[in-house]
Amino acid sequence: MASQKKESWEWLKALAVALILAGAIRYFLFAPIVVDGESMMPTLHNRDRLVVNKMDKPERFDIVVFKATETKDYIKRVIGLPGDKIEYKNDTLYVNGKPLKEKYLDPYKKQTKDGNLTYDFTLYEVTGKQTVPKGKVFVLGDNRRHSSDSRNIGTVDMDDIIGKASVKFWPINDIGVVK
């Protein structure tokens, strides 16, 4: 009887440690998220499921999840980093005066027959700032015509970024690294 009690206690301790480790990993390192909406199409679709990496610092063109409101998280692509001057002209992104390719938008641009995918704007026109402020990023959804992003909500504080989308695990036929 004593050995059975000891074995049960060992199993309980092992289970408790496993739950604590799982909670710590989810809270500090990785978290699952579900895409809500179509603002990241064609890259991500409504109801896609992703793993968010909370350890990496976001870089330009990374897809990040951030706290948009008290109850809502958004998923968008980082376009501008602190100190960057951002401009869109003739469907081309200019960062600090230099044009940058956005290959992830090519499929969507090919489908767009009635004008540009991204309307012309400067960072100053949409935020009132000449450059992206220190500690903030400028984000856009890939579905530029149907996205609430930094053009509407302003720049995003780095402290509000939950993490970087790293792996899509649902639907099964789309499993892979998020680009």
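Structural data are supplied above this passage.
Please read all numbers here as calculations on a predicted model, not as lab measurements. (Residues numbered from 1 in each chain as written. Predicted model: local features only at pLDDT ≥ 70, side-chain atom pairs only at ≥ 80, totals over all residues. Heavy atoms only, no water.)

Student: Give a detailed account of the overall build of the chain, specifying residues and quantitative values.
Tutor: Of regular secondary structure, the chain possesses 4 helices and 12 strands. Here the chain holds 179 residues, and the buried ones make up 33% of them. For the chain, long-range pairs separated by at least 24 residues make up 58% of all intrachain contacts whose partners lie at least 6 apart in sequence. Total accessible area on the chain stands at roughly 11,100 Å², and carbon and sulfur atoms take up 56% of it. (Helix = DSSP H or I, 4+ residues; strand = E, 2+ residues; numbered from the N terminus. Buried < 20%, exposed > 50% of the residue type's maximum accessible area, 1.4 Å probe, protein only. Contact = heavy atoms within 4.5 Å. Areas by Shrake-Rupley, 256 points an atom, 1.4 Å probe, with all protein chains shown as cover.)

Student: How would you sum up the nonpolar core? Please name residues and give values.
Tutor: Of all hydrophobic cores here, the largest spans 14 residues; its most connected members are I79, I86, Y88, L93, F121, F138 and L140. Listed by contribution, the elements that provide at least two residues to this core are β5 (86–89), β6 (92–95) and β9 (136–140). The residues contacting I79, other than those within four sequence positions of it, are R60, F61, D84, I86, L93, V95, E102, Y104, F138, V139, L140 and R144. Counting 11 residues, the second largest nonpolar core, distinct from the first, contains V35, M40, L44 and V52. (Core = buried A, V, L, I, M, F, W, Y, C linked by side-chain atoms within 4.5 Å.)

Student: Describe the environment of M55, and please don't skip the residues or the numbers.
Tutor: With respect to the secondary-structure elements, M55 resides in the loop between β2 (49–53) and β3 (63–67). By relative accessible area, which is 48% here, M55 ends up partly exposed. Sequence separation of M55 and I162 is 107 residues, and the distance between their C-alpha atoms is 9.4 Å.

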